[in-house]
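Observations on chain architecture
If you want the building blocks of each chain, they are given just below.
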Amino acid sequence: MYNGKYRHIRRRHNTIKELLFSGIIIVDYVKSKDNVSDSLTKGLSREGVERTSKGMGLRLRTSQHDGLGVDEKLFISLLGKWDRNERESYRSHTTGIFVEDERQFQRWNDHHLLQLRQDFLRLKDAVVVYTMHPWERDARLFNEALLKGSQHHILIETACTRSSQQLLGARHAYHSLFEHSVEEEIAFRIKTPERKLLVALVSSHRYEGPRVDNNLAKAEAMVFVNAIKNADKMKQLVEEEEIVRILSTRSKLRLKAIYDHYKEITGNFLDEDLDGDLTLKQVVQCLCAPQAYFSNILISSLRLDVEESAKDSVTRIIVTKADDEDMKLIKEEFQSKYGTPLAAKLKEVANGSYRDFLLTIISKSD
Amino acid sequence: MASLTVPAHVPSAAEDCEQLRSAFKGWGTNEKLIISILAHRTAAQRKLIRQTYAETFGEDLLKELDRELTHDFEKLVLVWTLDPSERDAHLAKEATKRWTKSNFVLVEIACTRSPKELVLAREAYHARYKKSLEEDVAYHTTGDHRKLLVPLVSSYRYGGEEVDLRLAKAESKILHEKISDKAYSDDEVIRILATRSKAQLNATLNHYKDDHGEDILKQLEDGDEFVALLRATIKGLVYPEHYFVEVLRDAINRRGTEEDHLTRVIASRAEVDLKIIADEYQKRDSIPLGRAIAKDTRGDYESMLLALLGQED
């Protein structure tokens, strides 16, 4: 009965008979409802397909890819063993990820293909960035932010949350890597009103000592109070000379004092009152309350249905802040604001070696 | 080329300190001895002398000098003895304290120093004044002056020789447009002058001359204080020796001499390019710099200046 195109089945049948006979393998009975590979041998109901796919670690979705990273072990243990026919069966049953092409083959849904590639790369990117010298890392962040369509929020984050020495080092590395100064690139490529502020932020070399002139801090808080009160549509706040001066030249300690004085005077938080100008809002947050800024981003990005850029920020923040005393503070802020530890949230949302890598990094500051 | 001369066999720092100490002892001071030592030591050697002096005698050499010396001679010796980056920080601080007339000193420091030296000056400023240089400059200037000076002192220009000729052409066009329109404080003018590397600016200005026939500096000759600052910026970045010659000529030929400017230039360039500046000066004025200085100054101040120039009589 095994002839023609069924010849291969005879070989396998005989091989298995031999293995059984010599006791090398035993065949156990598995109930259908427990059989994770059932979807590969027969057509199942939707619920059955969902159950078995989940059991393999492949999440079925209709829109975005779930989670961050890939469970490599599961992939290897299941997919790795399937032969051609089993894989074909898998493809025709997981209609969320594969589509029936008019030329009779099951095609990867382009979007999912991209997602999976990105998720496989997530660990590689994290590792590469983590091993880089922080100066090179920040220089490349600046460069990417400029070339990928002016991602100002990454420029602001990098320029405002590093120490003066680190920022200087990043500018240094930028020279070596890109043969330009970072400020000349920002000044050249950005044409929007934020340009002056961004150039000034990246050029700052703030004093980091403990001395703060409190009277001057009060006076400068009043500058914000008045500017916000008198804000009109004619000139954006972000172009206000005095605001740019204060935010880009004063020490971080002085800025925190200004932040506190602002609260005393108006009863509000400065960054909340800057809701109308997202750039300024972010600058103030990064300079005056960086841990809150970072944990906000982490909580909104550690979800199952977010954009790729949000997932990238998880990697970026954890990898760039891993070595700072900041990481400890970020974890504390995260826990106190959201009730769960950062590690737990990561376990919920991230997969595989990528997840393990991040968990290892953040546990360094325990 | 530097004009500083150092003896072939330099005494140890300890010996120098002993000698300096003896110069201060008793009534009056042995200025000639002080000049013979300090005016012939490099920055590294002077630093070691200061350290050794403090360790040996428990006193800051600079404080001693301040006590013992007077007038222009004292100012020159103090400014000279400082480390180059401390000196720049000190000079910048003095400039922010005064009126806008001194703003060109800030331009001078920001433009004639190498990018690295400017960074070191900013760090020395932190240490000495517990503030950042840019915050003081921003606070003490307004309007167009602030618009130009803050980016200048905050710049960390690319220091390499790579030049983009297409960009140079494009930016020389922009500069020409704005300057012909007398839009001197235009954002683009400031952007180009405050962020491009010196090599790139050099290429841009060459294009300016080739494509538009005129030297940009000629177009910036008449005008207000701000235009003068722009001129100083360009000169300082691309033709520093000419810039310094102009400052020196101004300082020496004025009725009475502007000692502060003379002090600053001689002290800050003696270890850098004072010899070249002196040669340029002679070309411009047909009188050697040393002779011009000798004519216009006197006493120990004159001796120290000439010593730093490498021209003692």
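So, here's what we can say about the structure. (Residues numbered from 1 in each chain as written. Chains lettered and ligands numbered in written order. Predicted model: local features only at pLDDT ≥ 70, side-chain atom pairs only at ≥ 80, totals over all residues. Heavy atoms only, no water.)

A few words on the overall build of chain B. Looking only at helices and strands, chain B features 20 helices and zero strands. Taken against the 2.2 N^0.38 rule, which gives 20 Å for 313 residues, the C-alpha radius of gyration of chain B at 21 Å falls within 12% of a compact globule. Over its C-alpha atoms, taken along the principal directions, chain B stretches across nearly 65 × 45 × 35 Å. The buried share of chain B, reckoned over its 313 residues, is 54%. Taking as baseline every contact in chain B between residues at least 6 positions apart, the subset at least 24 positions apart corresponds to 71%. With the model as given, the accessible surface of chain B reaches about 14000 Å², and the carbon-plus-sulfur share is 49%. (Helix = DSSP H or I, 4+ residues; strand = E, 2+ residues; numbered from the N terminus. Rg over C-alpha atoms; globule rule 2.2 N^0.38 Å. Buried < 20%, exposed > 50% of the residue type's maximum accessible area, 1.4 Å probe, protein only. Contact = heavy atoms within 4.5 Å. Areas by Shrake-Rupley, 256 points an atom, 1.4 Å probe, with all protein chains shown as cover.)

Scanning chain A from terminus to terminus reveals 20 helices and two strands. Relative to the 2.2 N^0.38 estimate, which gives 21 Å for 366 residues, the radius of gyration of chain A is 28 Å and therefore markedly larger than a compact globule would have. C-alpha extents for chain A along the principal axes are approximately 95 × 40 × 40 Å. When the 366 residues of chain A are sorted by exposure, 46% land in the buried category. Accessible surface computed for chain A: about 19600 Å², of which carbon and sulfur atoms make up 53%. Computing the positive centroid from 57 side-chain charges and the negative centroid from 55, chain A places the two 5 Å apart. (Lys, Arg positive; Asp, Glu negative; His and termini not counted. Charge placed at Lys NZ, Arg CZ, Asp CG, Glu CD.)

In this section: the packing of helix 15 (residues 225-238) of chain B against helix 16 (residues 240-253) of chain B. Residues and elements named next belong to chain B. Two elements in contact, helix 15 and helix 16, have axes whose closest approach is 5 Å; the angle formed by their N-to-C orientations is 130°. When the axis of helix 15 is compared with that of helix 16, the two are oblique. Across from Arg 231, Ala 232, Lys 235, Gly 236, Leu 237 and Val 238 in helix 15, the residues of helix 16 making contact are Pro 240, His 242, Tyr 243 and Glu 246. (Axes fitted to C-alpha atoms, helices over the stretch in contact; angles between N-to-C directions. Parallel < 35°, antiparallel > 145°, perpendicular 65-115°, else oblique.)

The interface of chain A with chain B comprises 29 residues on the first partner and 30 residues on the second. Among the residues of chain A in contact with chain B, Glu 184, His 205 and Tyr 207 of chain A are the three that bury the most area, contributing 21% of the side total. On inspection of chain A and its partner chain B, the count reaches six salt bridges. A salt bridge links Arg 195 of chain A to Glu 188 of chain B, with the nearest nitrogen and oxygen atoms 3.2 Å apart. Counting residues per element, the side of chain A that touches chain B draws most heavily on helix 8 (residues 164-178) of chain A, which supplies five residues. For the side of chain A that touches chain B, the per-class residue count stands at five nonpolar, ten polar and 14 charged. (Buried area = accessible area lost by both parts, 1.4 Å probe. Salt bridge = Lys/Arg side-chain N within 4 Å of Asp/Glu carboxyl O. Nonpolar A, V, L, I, M, F, W, Y, C, P; charged D, E, K, R; others polar.)

For the rest of this paragraph, the subject is the nonpolar core. Where a protein is soluble and globular, its nonpolar side chains tend to be buried together. Membership of the largest hydrophobic core comes to 95 residues, with the highest contact counts inside it found for Leu 20, Leu 65, Ile 216, Ile 293, Met 304 and Leu 308 of chain B. In terms of residue count, the dominant contributor to this core is helix 15 of chain B (eight residues). If near-sequence neighbours (up to four positions away) are discounted, Leu 308 of chain B is found in contact with Ser 3, Leu 4, Ala 39, Leu 76, Trp 80, Ile 266, Ala 270 and Leu 274 of chain B. In terms of nonpolar packing, the next biggest core, distinct from the first, is built from 75 residues, Leu 68, Val 199, Ile 299 and Leu 302 of chain A among them. (Core = buried A, V, L, I, M, F, W, Y, C linked by side-chain atoms within 4.5 Å.)

What follows is about helix 8 of chain A. Taking 1.5 Å per residue as the helical rise, helix 8 of chain A with its 15 residues ought to reach 21 Å, and the 21 Å between its terminal C-alpha atoms agrees with that figure. Restricting attention to buried positions, one finds in helix 8 of chain A the residues Ser 164, Leu 167, Leu 168, Gly 169, Ala 170, Arg 171, Ala 173, Tyr 174 and His 175 of chain A. Buried residues belonging to helix 8 of chain A abut helix 6 (134-147), helix 7 (152-161), helix 9 (182-189) and helix 10 (195-203) of chain A together with helix 8 (115-129) and helix 10 (143-154) of chain B. Directly after helix 8 of chain A, the chain includes Glu 179 of chain A, whose backbone phi takes a positive value near 55°. (Expected span 1.5 Å × (residues − 1).)

What follows concerns the environment of Phe 98 of chain A. Residue and element names in this part refer to chain A. Considering the arrangement of structural elements, one finds Phe 98 in strand 1 (residues 98-100). Each C-alpha atom of the pair Phe 98 and Val 70 lies 18 Å from the other, and the pair is 28 residues apart in sequence. Phe 98 has contacts with Tyr 90, Arg 91, Gln 106, Arg 107, Trp 108 and Asn 109, leaving out every residue within four places of it along the chain.

Attention now moves to the state of the cysteines. Residue and element names in this part refer to chain A. Scanning all chains against the criterion turns up zero disulfides over all chains. Cys 160 takes part in no disulfide bond, and the closest cysteine sulfur to it belongs to Cys 286, at a distance of 5.6 Å. Judged by relative accessible area, Cys 160 falls into the buried class, the value being 0%. (Disulfide = S-S within 2.5 Å.)

Residues and elements named next belong to chain A. On the surface, Ile 16, Leu 20 and Val 27 cluster together into a nonpolar patch covering about 270 Å² of accessible area. Relative to the helices and strands, Val 27 resides in the loop between helix 1 (7-21) and helix 2 (46-55). On the basis of relative accessibility, which here comes to 60%, the residue Val 27 falls in the exposed class. (Patch = residues over 30% accessible without salt bridge, like charges linked within 9 Å, V, L, I, M, F, W, Y side chains within 5 Å.)

A word on the packing of aromatic side chains. Ring pairs (aromatic) are described by centroid distance and by the angle formed between their planes. Residue and element names in this part refer to chain A. For the structure on display, the rule yields twelve aromatic pairs over all chains. Taken together, a centroid distance of 6.0 Å and an interplanar angle of 80° make the contact between Tyr 90 and Phe 98 edge-to-face. When sorted by exposure, Tyr 90 lands in the same class as Phe 98, which is buried. Centre to centre, the rings of Tyr 293 and Phe 294 are 5.3 Å apart; their planes meet at 65°, and the pair counts as edge-to-face. (Phe/Tyr/Trp six-rings, centres within 6.5 Å; stacked < 30°, edge-to-face > 60°.)

Further remarks concern unusual backbone geometry. All names here are of chain A. In this model, Gln 104 sits at a positive phi of 60°, which is unusual for a non-glycine residue. In this fold, Gln 104 is placed in the loop between strand 1 and strand 2 (106-108). For Glu 179, which is not a glycine, the phi torsion comes out positive at approximately 55°. Relative to the elements of secondary structure, Glu 179 occurs in the loop between helix 8 and helix 9.

This part covers the pattern of salt bridges. Counted under the stated rule, the structure contains 57 salt bridges over all chains. The partner of Arg 245 of chain A in a salt bridge is Glu 220 of chain A, and the shortest N-O contact between them spans 3.1 Å. Separated by 25 residues along the polypeptide, Arg 245 of chain A in helix 12 (residues 241-249) and Glu 220 of chain A in helix 11 (residues 214-229) bring together distant segments of the chain. Taking the relative accessible area as the measure of exposure, Arg 245 of chain A reaches 5% and is therefore buried. The class for Glu 220 of chain A is buried, based on a relative accessible area of 3%. Residues joined in a network through salt bridges with shared partners are Glu 220, Glu 241, Glu 242, Arg 245, Arg 250 and Arg 254 of chain A together with Glu 135 and Arg 146 of chain B.

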